[in-house]
Amino acid sequence: KIGKTVEDVDIINLIKMLRTISIACVTLFLTLFNSAIEKVQGLYLYPSSGATAAPSLLRTREFRHSFRSNPQQKLLWLQKLSSSTTTTSTILHATTETSTLTQLESVIHKCDFCAEEFASRNALFRHISQCTNEMKENGELGIAANLRRYTLGFRFAYFSNSSDLPKPEAKVAGEEIQNAFKEAMRQRSSKNIGANIEILSCTQATIAKQRHRSLSQEFGCSAVNDVITIRFACSPSSFGEKEYAYLLKEMNIILKKIDMINIQLINVSSTLSKFHAENSCTQFVYKYMLPLKWIKDGKELERWWLFSENKDVGEAEHPGTFQSQPPSTSLKTLSKALKSAESITVPNRRVRKRLLHSRPDKISSDRKIEKTATRRLGTLSNKERRAWHNFADPALQGDASPNQEPVWKVLDRARLSQIIKNPLSNEVVAVIEFRGDGFMPQQIRRIVGVAVAITNGLLPSNFFEVATKPQNALGTILAPGGRLYLSDAKYHYDQSIKLFYGSEDTSKRDVQEFSVEENEIWLQNQIFLETSKAKLVHLEDKWLKEMNEIIAPRVSSEMFLVDQHLKVTDSKEYISLSTASDEYSSTLSLLQNIALSGWPKTSIARSKVLRHKDGCEEFGSFTIINPELFSSSTVPLGNNLFPDLVQSVFDLEKYVSTQSLNNCAHKNCVAGRKLSTHCAVNFNASFTPHVDSGIGLGQSLSLIVGLGDYHGGDIFVEGIAYPIRYQPLEFDGWKQRHWTGAYS
């Protein structure tokens with residue numbers, strides 16, 4: 001009709017017609033919706049006091065929420081809706097018919113304090129603030145309702161020379177800070193107001209509670225500026241701005257009474273309630289005090305610095321501000337070795353486009369970027385994450401596997417920051433600064449040990465590039481402890497201002513008893529005092545000799561095997577191979593037939609831990625399950641393709657489980673192995689360092705045995721080689737890192 005009359009009417013009449021049509025469409029929609037509501041009967045939820053009002057947006061949300069929380073209710077509603085045949089009622093009729101509303105279930109918005117009912121949640125919330133204030137004035141609320149929540153940030157330093165600490169220094173210091181805070185607040189008032197204080201939560205930068213446990217600070221590491229936040233609740237009358245100075249003074253008095261660890265509280269300030277000392281930390285700064293005598297031509301460098309560069313005793317010299325030429329290039333070599341350990345910045349799309357026109361040679365890089373950092377801002381973004389599994393504490397075992405996320409970390413900076421002199425002797429120390437988003441135990445000390453070996457010419461300059469590849473397993477050199485300390489824990493700018501100054505105005509700085517600079521000098525002197533002891537000097541000299549003569553050559557030979565792609569090439573040295581016994585021959589024959597006909601394709605997940613071996617045109621791995629012990633609706637393809645192999649493999653395991661195992665890589669090795677539910681069948685497969693995954697079903701102990709004619713092929717479990725050719729090996733595949741050795 002509009003099409004016929006549009007040329008005969010003016011624009012005003014057209015607008016009126018469109019408005020009329022729109023109103024009619026809305027009315028029709030509301031009519032249909034109301035009819036559906038009536039048919040549901042008791043399913044739609046009306047507020048009890050809003051019976052005369054039309055359904056609001058709030059009620060519509062409740063209607064949808066009731067469906068999400070109860071899927072069966074939604075199904076019932078759809079069934080009733082589909083069975084309805086009449087849709088003639090209107091919304092107005094539905095909300096005014098009392099006979100219909102009596103059949104509907106109601107939601108009552110009721111105040112728990114005064115029992116008054118309201119038509120909507122908004123009205124209830126507006127009432128609560130007034131209701132609680134009136135009850136506070138009348139004294140009708142309990143003590144808990146009068147408590148107010150506070151979040152305080154504490155910066156502190158600690159050092160310990162005791163070897164009897166039951167926990168790492170960071171954890172002991174954090175617990176002592178909490179105890180000192182409780183004691184100081186308890187002593188604050190003779191009226192015992194502080195007794196109502198309730199600590200709600202506590203977070204510390206160097207203690208991994210919400211991160212992986214492998215990222216906690218290691219034993220023997222001190223700190224200049226660690227951060228802890230304590231969130232607590234107390235009455236407003238018992239805590240105010242004047243308490244900061246009192247807490248700082250009183251807590252330091254309490255902390256001085258501790259014998260096993262020396263703790264100094266630097267600053268106390270109020271922080272944002274959402275501030276989290278652990279998760280909010282964007283960068284950790286550690287420093288290692290490296291004696292120059294450890295590197296090549298160290299004695300000459302010490303004499304040069306003492307007589308030519310050390311103008312003011314105790315003043316630190318930056319390595320780039322030398323007034324004369326060093327007698328050796330060892331410092332420059334050390335700096336280059338440390339820089340090669342840093343993560344590179346991955347250019348974004350705009351930078352790559354600009355370099356493509358100006359400097360195309362800068363785009364390509366020999367290093368393959370495996371992963372990049374996320375959720376970091378500013379200059380810390382777009383940084384490369386590297387696998388530091390070879391630099392972690394071996395005690396972590398499977399937690400330090402390259403297929404675990406905590407291993408992949410960013411090393412933002414590894415540089416020489418200053419050179420200082422030991423005030424107790426003529427020892428000259430280069431302070432190396434490390435910055436990153438997290439460090440595993442022993443990671444920094446192993447980076448230092450490798451950098452020293454590279455400087456002394458014992459390891460190649462590309463060692464960090466090779467050792468941080470996830471497919472490589474290499475030994476590393478652990479530098480002596482006692483010389484590492486946490487220098488700083490960094491946060492975003494707004495959080496740092498609030499934490500260090502107490503407010504966004506830097507002129508309103510909270511009172512503090514020590515400065516960070518003073519604490520760093522104090523801590524360095526403590527380290528000098530400890531490392532100057534004759535016993536530690538002897539141990540460090542012994543380590544330096546072993547590193548030069550034993551450890552570094554062994555690591556260099558391991559790297560040579562990696563460079564050769566783990567190939568054994570000299571066939572003249574091969575010895576004759578033993579033949580397979582009758583128990584293995586049937587399984588071996590089936591495997592050889594499968595290899596001739598074409599090995600099945602490997603899954604994507606397992607391909608990530610397989611290393612391509614030169615000279616092997618075909619290799620792979622697939623899984624089969626034991627149908628007698630494991631039932632599943634989805635059977636692996638291997639069971640359908642090779643039923644004879646399935647039977648033979650698990651019959652072979654029954655035979656092996658009855659024999660005594662000569663090979664065992666775990667502590668609880670006993671006879672009578674429990675039979676497996678799954679088996680991985682591998683052909684020419686060379687695995688990178690990893691830990692196994694799966695559903696487990698109560699057993700994590702894996703059994704592996706090699707069949708066929710080959711040389712080498714040992715399985716390395718936590719760095720120890722085990723021959724497996726017709727020699728079954730049992731190990732904990734979930735917790736122990738394992739990989740394939742050289743074979744041909």
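Residues numbered from 1 in each chain as written. Predicted model: local features only at pLDDT ≥ 70, side-chain atom pairs only at ≥ 80, totals over all residues. Heavy atoms only, no water.

1. A look at a nonpolar patch on the surface
A contiguous nonpolar surface patch, about 290 Å² in accessible area, is contributed by V26, F29 and L30. Relative to the assigned elements, L30 resides in helix α2 (residues 11-40). (Patch = residues over 30% accessible without salt bridge, like charges linked within 9 Å, V, L, I, M, F, W, Y side chains within 5 Å. Areas by Shrake-Rupley, 256 points an atom, 1.4 Å probe, with all protein chains shown as cover. Salt bridge = Lys/Arg side-chain N within 4 Å of Asp/Glu carboxyl O. Helix = DSSP H or I, 4+ residues; strand = E, 2+ residues; numbered from the N terminus.)

2. Describing the sheet that holds strand β10 (residues 371-372)
Taken together, the 3 strands give an open sheet; going across it, the order is β10-β11-β12, and neighbouring strands pair in antiparallel fashion. Each having just a single partner strand, β10 and β12 (408-409) make up the two edges of the open sheet. (Pairing = 2+ DSSP bridges.)

3. Digging into the packing of aromatic side chains
The final tally for this structure, using the stated rule, is 15 aromatic pairs. Aromatic side chains Y150 and F232 sit 5.5 Å apart centroid to centroid with 20° between the ring planes, which places their arrangement in the stacked category. Linking Y150 in strand β5 (residues 148-159) with F232 in strand β7 (residues 222-234), this pair joins segments that are 82 residues apart in sequence. The same class applies to Y150 and to F232, which are both buried. With centroids separated by 5.2 Å and ring planes inclined at 70°, the aromatic side chains of Y584 and Y726 adopt a geometry described as edge-to-face. Of the two residues, Y584 is situated in helix α18 (residues 582-597) and Y726 in the loop between β23 (720-722) and β24 (729-732); the sequence distance between them amounts to 142 residues. By relative accessible area, Y584 is classed as buried at 6%. (Phe/Tyr/Trp six-rings, centres within 6.5 Å; stacked < 30°, edge-to-face > 60°. Buried < 20%, exposed > 50% of the residue type's maximum accessible area, 1.4 Å probe, protein only.)

4. Notes on unusual backbone geometry
The phi dihedral of Q442 falls on the positive side, at around 75°, and the residue is not glycine. Here E718, not a glycine, exhibits a phi torsion of approximately 50°, which is positive.

5. Quick notes on the side chain of S216
Mapped onto the elements of the fold, S216 is located in the loop between β6 (198-204) and β7. At 3.0 Å, the side chain of S216 forms a polar contact with the backbone nitrogen of A208. (Polar contact = N/O pair within 3.5 Å; in protein donor to acceptor, adjacent residues only side chain to side chain.)

6. Remarks on the pattern of salt bridges
Scanning all chains against the criterion turns up 20 salt bridges. Salt-bridge contacts for R213 lead to D399; the nearest nitrogen and oxygen are separated by 2.4 Å. Linking R213 in the loop between β6 and β7 with D399 in the loop between β11 (384-387) and β12, this pair joins segments that are 186 residues apart in sequence. What makes D399 buried here is its relative accessible area of 16%. Note that K371 and E405 form a salt bridge whose closest N and O atoms lie 2.7 Å from each other. Within this pair, whereas K371 is found in strand β10, its partner E405 is found in the loop between β11 and β12, the two being separated by 34 residues in sequence. The partly exposed category is assigned to K371, whose relative accessible area is 24%. Look at E405 and you get partly exposed, because its relative accessible area is 43%. What you see here is one network of salt bridges that share partners, running through K339, E342 and R415.

7. Focus: the nonpolar core
Ranked by internal contacts, the top residues of the largest apolar core, which has 104 residues, are F154, L247, F434 and F463. In this structure, F434 is in contact with F284, V285, Y286, Y288, L338, L411, R413, A414, F439, I444, I447 and V448, ignoring residues within four places of it in sequence. (Core = buried A, V, L, I, M, F, W, Y, C linked by side-chain atoms within 4.5 Å. Contact = heavy atoms within 4.5 Å.)

8. As for the environment of D709
With respect to the secondary-structure elements, D709 resides in the loop between β21 (701-704) and β22 (715-717). In this structure the C-alpha to C-alpha distance between D709 and A580, which are 129 residues apart in sequence, comes to 9.1 Å.

9. A few points about the side chain of R483
The topology assignment puts R483 in the loop between α14 (463-467) and β15 (484-490). Here E427 takes part through its side chain, which lies 3.5 Å from a polar atom of the side chain of R483. A polar side-chain atom of R483 sits 3.0 Å from a polar atom in the side chain of E540. Apart from residues lying up to four places away in sequence, R483 is in contact with K287, Y288, M289, P291, W294, E427, V429, I527, T531 and E540.

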